[in-house]
Amino acid sequence: MGSVWRLQTRTDSSSGEKISKYCLDNDVAALGWSIKDDHIKHYNPEAIIEIQEKRNQIENIDQYYDVIRTYGLYGMNQKKRLVAVDMLSEVEKGDYIWMRDNGIYYLGRVNEDSNFTYNCDKDALDFDAANQITGIKWERIGDESQVPGAVATAFIRGRTIQRINKDYMFEYAEYAFWGKPLVLEKSNEEFLQQLFYDCLSPNDCEDLVCLYLYDRKGYVTIPSTNKIATELYECVLVNPENGMLAYPQVKKRECSLRF
């Protein structure tokens, strides 16, 4: 069984845009540290020409490291490595990659002809997207409501590219990409409960809390109070029978609650 990855697409692109559209248009999964001209502009003219010439000759990750270490790019020396670039090179054929573009989630499959490469053409450098996995087939999945919570929360923080280490995320990727049946090998209550929690997004958790308070206590959500600016609570609920207000603050974690 392969791995499932999450790719963030914020790089030092010349336009300031994310590179997700570039990835979709070019059937690649890409990230930065691209040895752009902007990254070497502080070197003397002779060194800039040397770096550009060597950049054009890079054919593998070892040659890439040789250039950035020789010239101390990105604070590199002979011992340091770029974690994101190394992790991208670890992506294997048959793996899946999740990516977002303008709030829409895409799932990419790494095909048999896919390879890690350094691409220094103008577009790749402009987008700061020279480190690439080629031959990615992307499928549009949908907005956050269409993906498991484990996928949505993987985009909140972390490295540029990282594995999603949750049960059944590979099987779910196979289901979402190919339509294969999602077969669960485990069925005990504890496992199914954890799988249910893994499938909840932060928004799902908030909705469940509000629905629970309505079902058990009769509280009704006031939609206009659900604002990002209210950091101490998610929204305001009112009990129509007595006018009492409730201000739920919802966090997703493993802990027991008493009501």
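No experiment lies behind these values; they were computed from the predicted model shown.

(A) Summary view of the sheet that holds strand β10 (residues 236-238). Taken in spatial order, the 3 strands of this open sheet run β9-β10-β11, and their pairing is antiparallel. Of all strands in the sheet, those bounded by a partner on one side alone are β9 (220-222) and β11 (245-246). Two strands pair when backbone bridges link them, and β10 and β11 are joined in this way by 2 bridges, in the antiparallel orientation. The partner of L237 across the bridge, within β11, is A246.

(B) Looking closely at the sheet that holds strand β6 (residues 131-133). Strand order in the open sheet formed by 3 strands is β2-β6-β5, and the pairing between neighbours is antiparallel. Both outer strands of the open sheet, β2 (29-31) and β5 (116-118), are each paired with one neighbouring strand and no more. Taking the axes of each pair of neighbouring strands and ignoring which way they run, one obtains an average angle of 25° across the sheet. Two strands pair when backbone bridges link them, and β2 and β6 are joined in this way by 3 bridges, in the antiparallel orientation. Among the inter-strand pairings, A30 is bridged to a residue of β6, identified as Q132.

(C) Seen up close, the packing of aromatic side chains. All told, the structure shown has 9 aromatic pairs when counted by the stated rule. Note on Y64 and Y65: the rings are 5.8 Å apart at their centroids and 70° apart in plane angle, and the pair reads as edge-to-face. Taken as a pair, Y64 and Y65 share a single burial class, namely buried. Both rings, one in Y233 and one in Y247, keep their centres 5.2 Å apart while their planes meet at 70°; by these two values the pair is edge-to-face. One end of the pair, Y233, is in the loop between β9 and β10; the other, Y247, is in the segment after β11, with 14 residues separating them in the sequence. Under the relative-accessibility criterion, Y233 is labelled partly exposed at 26%.

(D) Structural context of a nonpolar patch on the surface. A contiguous nonpolar surface patch, about 320 Å² in accessible area, is contributed by Y175, L182, L184 and L192. Judged by relative accessible area, which is 35%, L192 ranks as partly exposed.

(E) Examining unusual backbone geometry more closely. With a phi angle near 55°, D27 is a residue other than glycine that sits in the positive phi range. Inspection of the secondary structure puts D27 in the loop between α1 (20-26) and β2. Residue classification places D27 among the partly exposed residues on the basis of a relative accessible area of 41%. At W33, a position not held by glycine, the phi torsion is positive, near 55°. Relative to the assigned elements, W33 resides in the loop between β2 and α2 (45-55). For W33, a relative accessible area of 28% corresponds to the partly exposed category.

Definitions and cut-offs
- One numbering rule holds for all chains: residues counted from 1, following each sequence as written.
- This being a predicted model, a pLDDT of at least 70 is required before a residue's local features are given, and a value of 80 or more before pairs of side-chain atoms are given or counted; all residues contribute to the totals for chains, interfaces and linings.
- The side-chain numbers reported here are obtained from all heavy atoms of the structure, hydrogens and water having been left aside.
- In short, DSSP must find at least two bridges between two strands for them to pair.
- Helical segments are the DSSP runs of H or I of at least four residues, strand segments are the runs of E of at least two, and each set is numbered from the N terminus.
- Every axis in this analysis is a line fitted to C-alpha atoms, fitted for helices over the stretch in contact. Angles between the N-to-C directions lie between 0 and 180 degrees.
- Any Phe, Tyr or Trp ring, taking Trp's six-membered ring, that has another such ring centre within 6.5 Å forms a pair; planes under 30 degrees apart are called stacked, those over 60 apart edge-to-face, and the others tilted.
- Buried, partly exposed and exposed residues are distinguished by accessible area as a fraction of the type maximum, computed with a 1.4 Å probe on protein chains only: under 20%, between the cut-offs, and over 50%, respectively.
- Put simply, a patch holds well-exposed residues, over 30% relative accessible area, that have no salt bridge, with like charges counted together within 9 Å and Val, Leu, Ile, Met, Phe, Trp or Tyr side chains within 5 Å.
- A 1.4 Å probe and the Shrake-Rupley method give the accessible areas. Residues count as covered only by the protein chains that appear here.
- Take a side-chain nitrogen of Lys or Arg and a carboxyl oxygen of Asp or Glu: if they are within 4 Å of each other, that pair is a salt bridge.

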